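For reference, the chains in residue letters:
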Amino acid sequence: MDNRQVIGSWLSGPRAAAEDMGVDFGYRGKRLGLPEHGPGSVAPLGRRFGAIFIDWALCMVIAYGLLARGDQQAAGNWALGVFLVLSVLTVGTIGSTPGKRILGLRVLAGNGERLGAWRVILRSVLLLLVIPPLVWDRDGRGLHDRLAGAVQVRI
């Protein structure tokens, strides 16, 4: 075997090496039975980051204006609580936070139905821990979604 091939596969990562050996990973969401494109497909990462940015900005405005009484330090702390309440209430009832709704996303259970209350609470608490959403699988689901049995899809 040529040493350049070994170094190339190491630099490319394990997925590229597996694909070179003929493994077909398919598209994101294929293992979940979701379509490749369009409504019902796995939400793109950029839209999900955009949605959480919109939601966080909304929570900061609410916390700063209504709860922290102009104290910027306290506003950040209050915003976490507002974010938790916003996420639990909106995902638990309509399946989308305001940011997700604006960007055309929805949170569903793996079987396509609405998430139950305990799964919404678990997902929301894990989302606040920051690390679980940053670890995702080949279907594009964050660890918080996997543990809650959820998937974010396009509307």
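Please read these numbers as outputs of a predicted model, since none were measured by experiment. Every chain's residues receive numbers from 1 upward, in the order its sequence appears when written. Since the coordinates come from a predicted model, pLDDT governs what is reported: local features require at least 70, and pairs of side-chain atoms require 80 or more to be given and counted, while whole-chain, interface and lining totals use all residues. With hydrogens and water stripped out, all remaining heavy atoms of the structure feed into the side-chain values.

**Examining the pairing of strand β2 (residues 150-154)**
- Throughout this description, buried means an accessible area under 20% of the type-specific maximum (1.4 Å probe, protein chains only), exposed means over 50%, and partly exposed covers the range between. In this description a helix means any DSSP run of H or I spanning at least four residues, a strand means any run of E spanning at least two, and both kinds are numbered starting from the N terminus. When you tally the buried positions in β2, you get 4 out of 5 residues, the bulk of the element.
- Taken together, the 5 bridges between strand β1 (residues 105-109) and β2 define a ladder with antiparallel strand orientation. Each residue of the ladder has a partner; that of L105, found in β2, is R154. Whether two strands pair comes down to DSSP finding at least two bridges between them.

**Brief notes about the side chain of K100**
- Its location among the elements puts K100 in helix α5 (residues 98-102).
- Under this rule, positive means Lys or Arg and negative means Asp or Glu; His and the chain ends count for nothing. Here, a salt bridge means any side-chain nitrogen of Lys or Arg that lies within 4 Å of a carboxyl oxygen of Asp or Glu. Although K100 is buried, it forms no salt bridge, and the closest oppositely charged side chain is D55 at an N-O distance of 5.2 Å.
- Not counting the four nearest positions on each side in its chain, K100 is found in contact with A51, D55, L105, V107, R123 and Q152. The contact definition used throughout considers only heavy atoms, calling two residues in contact when any of these lie within 4.5 Å.

**Description of the nonpolar core**
- Each nonpolar core is a collection of buried residues, namely Ala, Val, Leu, Ile, Met, Phe, Trp, Tyr and Cys, held together in the definition by side-chain atoms within 4.5 Å. C59, A63, A79, V82, F83, L86 and L127 form the largest nonpolar core, which has 7 residues in total.
- Elements that contribute at least two residues to this core include exactly α3 (45-67) and α4 (72-93).
- Looking at this core, the element that brings in the most residues is α4, giving 4 residues.
- Formed by 6 residues, the second largest nonpolar core is a distinct cluster that contains V107, A109, L115 and V120.

**Some remarks on the confidence of the model for the protein chain**
- A residue's pLDDT is the confidence the predictor assigns to it, expressed on a 0 to 100 scale. For the protein chain, mean pLDDT is 88; residues scoring 70 or higher make up 87% of the total.
- Confidence, read as mean pLDDT per element, is least for helix α1 (residues 3-12) in the protein chain (55) and greatest for α5 (97).

**Some remarks on α4**
- Multiplying one less than the number of residues by 1.5 Å gives the expected span of a helix. For α4, with 22 residues, the first-to-last C-alpha span of 31 Å sits near the 32 Å given by 1.5 Å per residue.
- W78 marks the point of greatest bend in α4, at about 25 degrees.
- Listed as buried for α4 are A75, A79, V82, F83, L86, S87, T90, V91 and G92.
- Check the buried side of α4 and you find it contacts α3, α5, β1 and α6 (117-128).
- In the analysis that follows, any N or O atom pair within 3.5 Å is treated as a polar contact, provided that within protein one partner can donate a hydrogen and the other can accept it, and provided that, for residues neighboring in sequence, both atoms belong to side chains. Capping of α4 at its N-terminal end is provided by D71; its side-chain oxygen lies 3.3 Å from the backbone amide nitrogen of Q73. In this scheme, the bend at a residue equals the angle between the axes fitted to the seven residues that finish there and the seven that begin there.

**Some words on the packing of α4 against α6**
- It is the contact of α4 with α6, at a shortest axis distance of 9 Å, that shows an interaxial angle of 150 degrees. For the crossing formed where α4 meets α6, the hand is right-handed. Across the interface between the two elements, L80, F83, L84, S87, V88, V91 and G92 from α4 touch V120, I121, S124, V125, L127 and L128 from α6. The angle between two axes is taken between their N-to-C directions and runs from 0 to 180 degrees, where each axis is a line fitted to C-alpha atoms and a helix contributes only its stretch in contact. Left-handed describes a crossing whose near helix is turned anticlockwise from the far helix through less than a right angle; right-handed describes the clockwise counterpart.

**Brief notes about α6**
- Taking 1.5 Å as the rise per residue, α6 with 12 residues should run 16 Å; its terminal C-alpha atoms sit 17 Å apart, in good agreement.
- Listing the buried residues of α6 in full gives V120, R123, S124, L126 and L127. Along α6, the residues classed as buried sweep out an arc of 165 degrees about the axis, all on the same side. Away from the buried face of α6 by more than 90 degrees, exposed residues A117 and W118 are located.
- Once α6 ends, the next one or two residues include V130, with phi positive near 70 degrees. The directions from the helix axis to the C-beta atoms are what the arc is built from.

**A closer look at the pattern of salt bridges**
- Summed over all chains, the structure comprises 5 salt bridges.
- R31 is the salt-bridge partner of D137, the closest N and O atoms lying 3.8 Å from each other. Taken together, the residues D137 in the loop between α7 (131-134) and α8 (143-148) and R31 in the loop between α2 (14-20) and α3 connect sequence positions 106 residues apart.
- By relative accessible area, which is 49% here, R31 ends up partly exposed.
- One salt bridge in this structure joins D137 and R146, with 3.3 Å as the shortest N-O distance.
- Residue R146 is classed as partly exposed on the basis of its relative accessible area, which comes to 44%.
- Ionic contacts of the salt-bridge type, sharing partners, join the residues R31, D137, D139, R141 and R146 into one network.

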